[in-house]
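Architecture and fold: a report
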Number of protein chains: 4
Amino acid sequence: MIKVGIIGSTGYAGGELVRILTGHKDAEIVWYGSRSYVDKKYAEVYQNMFQIVDAKCMDDNMDELARRADVIFTATPQGLCASLVNEDILSGTKIVDLSADFRIKDVSVYEKWYGIEHKSPQYIEEAVYGLCEINREEVKKARLVANPGCYTTCSILTAYPLAKEGIIDMSTLIVDAKSGTSGAGRGAKLPNLFCEVNENMKAYGVASHRHTPEIEEQLGYASGEKVVINFTPHLVPMNRGILATEYATLKEKVSYGDVKAIYDKYYKDEKFVRVLEKDVLPETKWVEGSNYVDINFKIDPRTNRIIMMGAIDNLVKGAAGQAVQNMNLMFGLDEAEGLNLVPMFP
Amino acid sequence: MIKVGIIGSTGYAGGELVRILTGHKDAEIVWYGSRSYVDKKYAEVYQNMFQIVDAKCMDDNMDELARRADVIFTATPQGLCASLVNEDILSGTKIVDLSADFRIKDVSVYEKWYGIEHKSPQYIEEAVYGLCEINREEVKKARLVANPGCYTTCSILTAYPLAKEGIIDMSTLIVDAKSGTSGAGRGAKLPNLFCEVNENMKAYGVASHRHTPEIEEQLGYASGEKVVINFTPHLVPMNRGILATEYATLKEKVSYGDVKAIYDKYYKDEKFVRVLEKDVLPETKWVEGSNYVDINFKIDPRTNRIIMMGAIDNLVKGAAGQAVQNMNLMFGLDEAEGLNLVPMFP
Amino acid sequence: MIKVGIIGSTGYAGGELVRILTGHKDAEIVWYGSRSYVDKKYAEVYQNMFQIVDAKCMDDNMDELARRADVIFTATPQGLCASLVNEDILSGTKIVDLSADFRIKDVSVYEKWYGIEHKSPQYIEEAVYGLCEINREEVKKARLVANPGCYTTCSILTAYPLAKEGIIDMSTLIVDAKSGTSGAGRGAKLPNLFCEVNENMKAYGVASHRHTPEIEEQLGYASGEKVVINFTPHLVPMNRGILATEYATLKEKVSYGDVKAIYDKYYKDEKFVRVLEKDVLPETKWVEGSNYVDINFKIDPRTNRIIMMGAIDNLVKGAAGQAVQNMNLMFGLDEAEGLNLVPMFP
Amino acid sequence: MIKVGIIGSTGYAGGELVRILTGHKDAEIVWYGSRSYVDKKYAEVYQNMFQIVDAKCMDDNMDELARRADVIFTATPQGLCASLVNEDILSGTKIVDLSADFRIKDVSVYEKWYGIEHKSPQYIEEAVYGLCEINREEVKKARLVANPGCYTTCSILTAYPLAKEGIIDMSTLIVDAKSGTSGAGRGAKLPNLFCEVNENMKAYGVASHRHTPEIEEQLGYASGEKVVINFTPHLVPMNRGILATEYATLKEKVSYGDVKAIYDKYYKDEKFVRVLEKDVLPETKWVEGSNYVDINFKIDPRTNRIIMMGAIDNLVKGAAGQAVQNMNLMFGLDEAEGLNLVPMFP
């Protein structure tokens, strides 16, 4: 039984980790960290867990946690994981960091976009970017995994095969993404009130959202060139779900079959990536509650562009589900253990 | 492996049966019945099932189905199950009927409230009302189970212990219930369009809803007297969830502890009934996607009434989940098999 | 031109006052009070007012306000208006208080339910309860009007004619009310976050909500007896709207026509009360954005109860609209000036 | 008093025409056309109009209508207006066609994208494209106005000044648009059911939506060159509102001030176009129920692109409001009469 500690277990991503791990046959949570609710019963914070989780919330004692846990998930704000990690801890436990601290290889890029100093740059190189479908073998050997962001997971996987195969002009790539409100976290902020979000739609972080460099870096590795994109996130009046609509100019004339073959090349055996049938477009509801990424595309001969679309549940494949998928890989388990979550509809 | 046939597998309750049974280790679906989508791939009707269910929809051939299946779920409009069932079928297979056909013991009451003639009244007496927490032993021996309605499951379980123990005046019972829109089914009807339901709230079926006699009959058995109630359903702009708020006059002065003890007497060992802690009120979101009923109450000394509240997911405990719970009992399996569904939040 | 000052102009009710008064031909707002946003442009707080309102938010200077304004609306938390009002102010200006401070005639009841000391009990008797349809003549002469609460407006008007005519047993009255989330205000609180409210339904304040004594007092005046009721509010995932479902036992056998005649007796000439046609049930969406109360009822001969239903927009007839209606009466204007708001659908 | 006839008055756009015209001081509706509800009271179809509109729905008798009405609004499916219009009618009345029949000047483009034969191509040249802010003078003289589509109104006005001034490379223009569900009409179709739309987000009509050529044609006029774009509409779980996010490469280096000056040049005196202040991004809720278009932009020096955003209420500026604005111009009235609708928030 793998002993799991969670730092930040009462945020939405933390809550989803608990939901998923509750159904994982080889893992048990031994530490429900939550600085805001220390000593409060976890089920009083998340009433859905009543009679399922009996534990109390605990403080963020990383040293103690490292002794007790085989793996620590840090579902915390940027900077926390980097400020806590050290050799002692990493020699005693594995870490899956759901924050951005170890996602970006160029520390100056991280510091510029996040506006904070990186406290443990020495671990950046070692950290594996935990997009399982792309870095599976590295994840298996990692002791520190940087779990990708929600927007980035969706945006990267949707474009990855085409970037990798070089059939799109990367300088033309535009990602227009739409997210449910759980992506904004559980903080009590006015813009996230029901009446402000419901019956409303807006863009935010235009040309400045922090997931931009993460997408650029990963698609840069895939395409073998420096990638600079426009990424525009939008807030949608729904709880869960990210839909990414991506535009790029095709380098040469390709058919539907050509592109489908490229997607199949990379994703045919990927359990959690579903390339949909022709003309079936991804909808966030079809993946809700599950670890799936649904992907499809449309070629527009009029403009010589391809429109790629991807949908995920931001809390599952975009956060907690992918974190568990990484954990499974790191411990040599079946990659899908605990993640056989059938999407819930409606 | 129990072979399961579903008639009406493409309605919302049918879809939920498929979702739940997909995770059931002792059952497999062998027949996806759907008169509207014969020969269409099931996953094209419910895209969430892409790469999970490979089967095609089939017609409603009850005889053939009885040969192939160990149990048939009929998730169909009123009247269909009663028109199809016969000795041949019942001797070959078990039936869990999600329609109202066999819920009401008095056929004249059924015919009056539903406005149709009952085609198989001879099976009404045999049929067991499948509210597992109340009729568990009968269900185990049944070959025909009448799966309770969504509103009724919630309404009955919320009041049952107090009716049974005789501490409330049954003639004063009022049930004010609120339901998400999936309860209205997947039919393409104007009142169920997004723009008609969203940002809207209304009562309907006031003093005439068909779940009324079902609640009355069952609470009549519990209290040992004829029960006549007001039941008012309301449509709420959400997909899933029923909240029942019930009012009754207390026969005598009781304390919080007295009433809590009564609830505990009946539900302490019931896995799927959660009597919440003092002052924690049920919310539909805390049971979403799960088979739980969350219940609590408040005594009002000013009016000498007790206000009871119950919450369920109408598609799970209110339909498919309870149907699977019944199946588990009928086949001697662990009652919770396939139903260890952790509520999803948010 | 009536000069209007608003204290609390940046709450949801305050914002609605601004929206309505912007279209009022005999009134102009001269003071946008908002302690939280002093010196900020009003249109930066409510971007819908961009290019419509050019003013900045001002502090809550009641004395200065009294000099500048002919009428002050206090859309503030309980206690504030009572702490500010005095003879100087009341001799210089009229006040429409949207808080609860002057709604309840028995100061001990107020202090018990609200848990605060009343700072100006000497004005309670003078204050007129501003339910225009009931106290029209008194409002016309008032200098201090207590604008009714949102739940209470809906609950009282729905039952008033039957209470007044004595055809229902007041001791059996139960009000089960459902409200959109704007009723909870614009404070940044966790329970009002989008993800906590959306896809969720719950009761709250059961047997303890502060609008209870207000309903009891007013229906007590109507029926000529002491009234004690159960009032249960519920939170609904929508922005606006209150639906009240009310239950009472009929004192004697009455027909639909009898009851309809009673409603018509009181409301036939009331512009803002619409008693719907037989079997048409109120829906909150049909009154959204307007000052209407939609009412209907159903007699249940089985239980000898009558079920009354009423729907309002909580921010209009339940707050700002009614406040303007009161202002119109106080200043001898057409009662409907500024309130010819056609409900918006969908 | 201008006598108005509406064909298609019971669709969502038709209903919005009625709502707006009810508050128009120089117009009265004399014909509530609705083939589906002939002889039914209009207020029974739209209960919000109870006691406001007393008329019954009438059939689509264009000849009779032309005699009785000074202007006819056709809020009908494609093809109907073109099939009914003739010289007799146009000599007796003016027409504002809310369908696409006369929007596109090249009849072969219309027939290709809409898949139907145009029945009155002889009127296409005469018809004025009723985007008031661009074609104001032509609209004033028109007897047949083609009211623009909802997506197109928003998409065109958002990019128009930059296209006109030639600062963006039109071949790079991409429009990613998001719409509330009322844009899908009031037809009882499964994909528009509450449970299918709520908690869901999807693209549709990718690279094939019929508003594409309309945007291309108009922006082609503005830029003086042939324009071919990608336009991707998305369905959002809200009733009203369109948000267009548009991307284009800048032809040369420009500053925020340069671009702001261009927008101001075209829109400074436009009552219904609000170019927001720096860094304030459009949100659909801020224009809900009003005739406003809220616009802003962001320059991204990293990619040398400009991201333009526009928000409208699809039923007002995107349909009925703009139709009334056109009517006002055609009859020499104040352009804003009936349209001083303050956006409703929340």
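Residues numbered from 1 in each chain as written. Chains lettered and ligands numbered in written order. Predicted model: local features only at pLDDT ≥ 70, side-chain atom pairs only at ≥ 80, totals over all residues. Heavy atoms only, no water.

Summing up its helical and strand segments, chain A has 12 helices and 14 strands in all. Whereas a compact globule of 346 residues would reach a radius of gyration of roughly 20 Å, chain A reaches 19 Å, a difference of no more than 12%. Within chain A, the fraction of its 346 residues that count as buried is 68%. Sequence-distant contacts, at least 24 apart, represent 71% of the contacts inside chain A between residues at least 6 apart. When the accessible surface of chain A is summed, it comes to about 10900 Å², and 47% of that surface belongs to carbon and sulfur atoms. With 39 positive and 48 negative side-chain charges, chain A shows a separation of 2 Å between the mean positions of the two kinds. (Helix = DSSP H or I, 4+ residues; strand = E, 2+ residues; numbered from the N terminus. Rg over C-alpha atoms; globule rule 2.2 N^0.38 Å. Buried < 20%, exposed > 50% of the residue type's maximum accessible area, 1.4 Å probe, protein only. Contact = heavy atoms within 4.5 Å. Areas by Shrake-Rupley, 256 points an atom, 1.4 Å probe, with all protein chains shown as cover. Lys, Arg positive; Asp, Glu negative; His and termini not counted. Charge placed at Lys NZ, Arg CZ, Asp CG, Glu CD.)

Laying chain D over chain A is done by rotating through 180° and shifting 0.0 Å along the axis; what remains is an RMSD of 0.0 Å. Such a combination of turn and shift is consistent with a two-fold rotation axis. Within chain D, the C-alpha atom positioned nearest to the axis of rotation is that of Pro-237 of chain D, 3.3 Å from it. Of all interface residues in chain D, 100% are interface residues in chain A too; the two copies therefore contact each other through one and the same surface. (Least-squares fit on C-alpha atoms with pLDDT ≥ 70 in both.)

Here the focus is the pattern of salt bridges. For the coordinates displayed, the defined rule picks out 106 salt bridges over all chains. For the salt bridge of Glu-270 of chain A with Arg-136 of chain A, the shortest nitrogen-to-oxygen distance reads 2.7 Å. Of the two residues, Glu-270 of chain A sits in the loop between α11 (256-267) and β12 (273-275) while Arg-136 of chain A sits in helix α7 (residues 132-141), which places them 134 residues apart along the sequence. Each member of the pair, Glu-270 of chain A as well as Arg-136 of chain A, carries the same accessibility label: buried. Of the charged contacts, one joins Glu-137 of chain D and Lys-140 of chain D as a salt bridge, the two residues approaching to 3.3 Å between their closest N and O atoms. Taken together, the residues Glu-137 of chain D and Lys-140 of chain D, both in helix α7 (residues 132-141) and three residues apart, mark about one turn of the helix. (Salt bridge = Lys/Arg side-chain N within 4 Å of Asp/Glu carboxyl O.)

So, on to the confidence of the model for chain A. Chain-level statistics for chain A give a pLDDT mean of 97 and a share of 100% at 70 or above. At the level of chain-chain contacts, confidence expressed as ipTM amounts to 0.97, with global pTM at 0.98. (pLDDT = per-residue confidence, 0-100.)

All names here are of chain D. Along the chain, Ile-72 falls in strand β4 (residues 71-74). By relative accessible area, Ile-72 is classed as buried at 0%. Residues Ile-72 and Asp-97, spaced 25 residues apart in sequence, show a C-alpha to C-alpha distance of 8.0 Å. When neighbours within four sequence positions are excluded, Ile-72 is seen to be in contact with Gly-5, Ile-7, Met-62, Leu-65, Ala-66, Thr-93, Lys-94, Ile-95 and Val-96.

Before going further, it helps to examine the sheet that holds strand β10 (residues 230-235) of chain D. All names here are of chain D. Reading across from one edge, β9-β10-β8-β11-β14-β13-β12 is the order of the seven strands in this open sheet, with mixed pairing throughout. On the outer flanks of this sheet lie β9 (202-203) and β12 (273-275), each paired with one strand and no other. Against the sheet, helix α8 (residues 150-165) contacts β8 (168-179), β10, β11 (242-250), β13 (293-300) and β14 (305-312), and its axis sits at roughly 140° relative to β14. Sheet strands touched by helix α11 (residues 256-267): β12, β13 and β14. Its angle to β13, the strand with the most contacts, is close to 155°. (Pairing = 2+ DSSP bridges. Axes fitted to C-alpha atoms, helices over the stretch in contact; angles between N-to-C directions.)

What follows concerns the packing of aromatic side chains. Within the structure shown, the criterion is met by 50 aromatic pairs over all chains. With 5.0 Å between their ring centres and 25° between their planes, Tyr-110 of chain B and Tyr-114 of chain B make a pair best called stacked. Taken together, the positions of Tyr-110 of chain B and Tyr-114 of chain B, both in helix α6 (residues 107-114) and four residues apart, correspond to about one turn of that helix. Directly above the aromatic system of Tyr-256 of chain A lies the positively charged group of Lys-278 of chain A, at a separation of 5.0 Å from the ring centroid. (Phe/Tyr/Trp six-rings, centres within 6.5 Å; stacked < 30°, edge-to-face > 60°. Lys NZ or Arg CZ within 6 Å of the ring centre and 35° of its normal.)

Each copy of the sequence occupies a distinct position, and chain A is placed on chain C by a rotation of 180° and an axial shift of 0.0 Å, giving an RMSD of 0.0 Å. When the interface residues of chain A are mapped onto chain C, 100% of them again fall at the interface, so both copies present the same face.

Okay, the interface of chain A and chain C next. Counting from both sides, the interface comprises 20 residues of chain A and, opposite them, 20 residues of chain C. Both sides of the chain A and chain C interface together cover about 1700 Å² of buried area, and 61% of this is carbon and sulfur. Ranking the residues of chain A by area buried against chain C places Leu-193, Phe-194 and Cys-195 of chain A at the top, with a combined share of 37%. The interface formed by chain A and chain C contains two salt bridges. Notably, a salt bridge pairs Arg-186 of chain A with Glu-196 of chain C, separated by 2.8 Å at the nearest N-O pair. The interface formed by chain A and chain C contains eight residue pairs in polar contact (both at pLDDT 80 or more). Among the residues making up the side of chain A that touches chain C, the classes are represented as 10 nonpolar, six polar and four charged. (Buried area = accessible area lost by both parts, 1.4 Å probe. Polar contact = N/O pair within 3.5 Å; in protein donor to acceptor, adjacent residues only side chain to side chain. Nonpolar A, V, L, I, M, F, W, Y, C, P; charged D, E, K, R; others polar.)

A few words now on the pairing of β14 of chain D. Residues and elements named next belong to chain D. Where burial is concerned, most of β14 is hidden: eight out of the eight residues are buried. Side-chain alternation along β14 places Arg-305, Ile-307, Met-309 and Ala-311 on one buried face and Ile-306, Met-308, Gly-310 and Ile-312 on a second face that is also buried. In this sheet, β14 lies alongside β11 in antiparallel orientation, the contact comprising eight bridges. Opposite Ala-248, over in β14, you have Ile-306 as the bridge partner. Note: β13 against β14, eight bridges, orientation antiparallel. Bridge pairing in β14 links Asp-300 to Arg-305. Counting the residues that bridge the hairpin from β13 to β14 gives four residues, and of these Asn-304 lies at a positive phi of roughly 60°.

What follows is about the packing of α8 of chain D against α11 of chain D. Residues and elements named next belong to chain D. The N-to-C vectors of α8 and α11 enclose an angle of 105°; their axes lie 9 Å apart at closest approach. Looking at the two axes, α8 sits roughly perpendicular to α11. Residues Leu-157, Thr-158, Tyr-160, Pro-161, Leu-162, Lys-164 and Glu-165 of α8 pack against Val-259, Ile-262, Tyr-263, Lys-265, Tyr-266 and Tyr-267 of α11. The residue makeup of the contact of α8 with α11, split by class, is nine nonpolar, one polar and three charged. (Parallel < 35°, antiparallel > 145°, perpendicular 65-115°, else oblique.)

Moving on, we come to the nonpolar core. Judged by nonpolar contacts, the single largest core of 103 residues is most densely connected at Leu-21 and Phe-73 of chain B together with Leu-21 and Phe-73 of chain D. Those residues within four positions of Phe-73 of chain B in sequence are excluded, and the remaining contacts are Val-4, Gly-5, Ile-6, Ile-7, Leu-17, Leu-21, Val-96, Leu-98, Ala-323, Val-324 and Met-327 of chain B. (Core = buried A, V, L, I, M, F, W, Y, C linked by side-chain atoms within 4.5 Å.)

Residue Pro-346 of chain B is bonded to the preceding Phe-345 of chain B through a cis peptide linkage, with omega at 0°. Positionally, Pro-346 of chain B belongs in the segment after α12 (316-330). In this model, Asn-304 of chain A sits at a positive phi of 60°, which is unusual for a non-glycine residue. Within the secondary structure layout, Asn-304 of chain A lies in the loop between β13 (293-300) and β14 (305-312). Positive phi, normally seen in glycine, also occurs at Asp-279 of chain D, with a value near 70°. Relative to the helices and strands, Asp-279 of chain D is located in the loop between β12 and β13.

Here the focus is the side chain of Ser-99 of chain B. Mapped onto the fold, Ser-99 of chain B is located in the loop between β5 (94-97) and α6. If sequence neighbours within four positions are ignored, Ser-99 of chain B has contacts with Thr-74, Thr-76, Pro-77, Gln-78, Cys-81 and Asn-147 of chain B.

So, about the environment of Pro-148 of chain D. Residues and elements named next belong to chain D. Within the fold, Pro-148 resides in the loop between β7 (144-146) and α8. Since its relative accessible area comes to 2%, Pro-148 is described here as buried. Taking the C-alpha atoms as reference points, Pro-148 and Asn-192, separated by 44 residues in sequence, lie 23 Å from one another. The contacts of Pro-148, once residues within four sequence positions are left out, are Arg-103, Tyr-129, Gly-130, Leu-131, Thr-153, Glu-214, Gly-318 and Gln-322.

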